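Now for the letters of each chain:
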Amino acid sequence: VLKVTEFISANDLAALLDVSVNQIISTCMSLGMFVSINQRLDAEAITIIADEFGYDVEFTKSIEDELVEESSDEEEDLIERAPIVTIMGHVDHGKTSLLDYIRMSKVTADEAGGITQHIGAYDVKTKDGHKIAFLDTPGHEAFTAMRARGAKLTDIAIIVIAADDSIMPQTKEAINHAQVAGVPMIFAINKVDKPNARPEKIKEELANMNLLVEEWGGKYQSQDISAKTGQGIDELLEKVLLEAEILELKANPDKNAVGSVIEASLDKGRGYVATIMVQAGTLRIGDVMLGGQHYGRVKAMFDHKGKKLKEAGPSTPVQVLGLSGAPQAGDSIKVYDTEREAREIANSREQIQREQSLRTKKHITLDEIGRRL
Ligand code: GDP
Ligand code: MG
């Protein structure tokens, strides 16, 4: 019996079955299914393919399933939640500068004074009081690695393109990743403060890729910005909120928290520290939390300013203390009513993990997953 989650890629399935991905592809072809290496397979396809190789399949739940259960919430229990945004783009086009500018400039009075920590995610409040959460893991590697683990953590992608450069290979890759994931894109045409900036040239290049920006009559929002002077950044955030409004992002805050791990590590003084994006429900001090194969009671929570939090609702990134180990980026987080429940699932996950790594004969790191995608 092969234990897998739905929507693993053909490549990952090959590793689990200990066959080459070409064997998977040709098997699929002989069955009249055409799949590519990185294509995510649904339950039916996985079952058929595994059967060809002599395996029965047992599906374990992924975070996607947990979040789909969201739809079983009553409409009146759902409230609007903040968009979760990832910034992607070619190296040196200004991803870090943009993230830093937004983080520094959008500090509201009540959170001023704290020292900003890099915890992998942060949230800001715009002038008119709207919240936006940012994943502070620039680069598509993190994005794809998270998705490879089944976490759909991004509502909107900002694609940063330097106006003094061109659309570069990593720009194209970022666009491609967002499209494959079905995540709406907003183009941030950066470095317009530079004398040699040619934002119109970038829009033309986008048009040549069939990505027509709004001011040219297309459907993609774009904004000329400077991550150095701050020009256009308020407007960019307004466009993010506009996109979010169209998406009608909602979640039920009145239930056990569900979320994803952004990053986790061992801190000498504080034990295991995990940054978590709460996606639905509300996480509270004392909750029994399970992340990957690790569980524990939430001992303390902090925001990116180091401010203590008692609770964290949907679309809130928090740093959490109390887990028994460090889960991996992209692992799902869930709160259980009893410690026993959490422990049982943690143990069975550990078992599955052991079997899978035996079968794949090596532990696949997040990085490798990211690179293979
Ligand atoms: P990343 O690799 O995409 O994270 O890019 P960085 O944020 O590290 O920026 C690369 C370089 O471009 C750095 O030297 C930044 O100071 C510079 N830079 C980023 N944004 C701007 C901008 O809007 N204007 C100018 N003049 N320089 C910028
Ligand atoms: Mg950077």
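What comes next is a walk through the structure.

Scoring rules and cut-offs
- Residues numbered from 1 in each chain as written.
- Chains lettered and ligands numbered in written order.
- Predicted model: local features only at pLDDT ≥ 70, side-chain atom pairs only at ≥ 80, totals over all residues.
- Heavy atoms only, no water.
- Helix = DSSP H or I, 4+ residues; strand = E, 2+ residues; numbered from the N terminus.
- Buried < 20%, exposed > 50% of the residue type's maximum accessible area, 1.4 Å probe, protein only.
- Contact = heavy atoms within 4.5 Å.
- Areas by Shrake-Rupley, 256 points an atom, 1.4 Å probe, with all protein chains shown as cover.
- Salt bridge = Lys/Arg side-chain N within 4 Å of Asp/Glu carboxyl O.
- Core = buried A, V, L, I, M, F, W, Y, C linked by side-chain atoms within 4.5 Å.

**Digging into the overall build of the chain**
Part 1: Across its full length, the chain holds 11 helices and 20 strands.
Part 2: Across the 373 residues that make up the chain, the buried fraction comes to 50%.
Part 3: Excluding contacts between residues fewer than 6 apart, the proportion of contacts in the chain whose partners are at least 24 apart in sequence is 73%.
Part 4: As displayed, the chain offers around 17300 Å² of accessible surface, 49% of which is attributable to carbon and sulfur atoms.

**A short note on the pattern of salt bridges**
Part 1: Counted by the stated rule, this structure contains 15 salt bridges.
Part 2: Residues Lys194 and Asp164 are paired through a salt bridge, measuring 2.8 Å at the closest nitrogen-oxygen approach. Residue Lys194 is located in the loop between strand 8 (185-190) and helix 8 (199-208), and its partner Asp164 is located in the loop between strand 7 (156-162) and helix 7 (169-181); the two are separated by 30 residues in the primary sequence.
Part 3: Linked by salt bridges that have partners in common, Glu200, Lys203, Glu215 and Asp224 make up one network.

**Side note on the nonpolar core**
Part 1: In this structure, Leu98, Ile102, Ile132, Phe134 and Ile158 are the most contacted members of the largest nonpolar core, which totals 23 residues.
Part 2: Elements with a contribution of two residues or more to this core: strand 4 (84-89), helix 5 (95-105), strand 5 (121-125), strand 6 (131-135), strand 7, strand 8 and helix 9 (233-247).
Part 3: For Ile102, the residues in contact, after removing those within four places along its chain, are Tyr122, Val124, Phe134, Ile233 and Leu237.
Part 4: Ala163, Val192, Ala197 and Leu211 belong to the second largest nonpolar core, which has 21 residues in total.

Shape descriptors only; they carry no functional weight alone.
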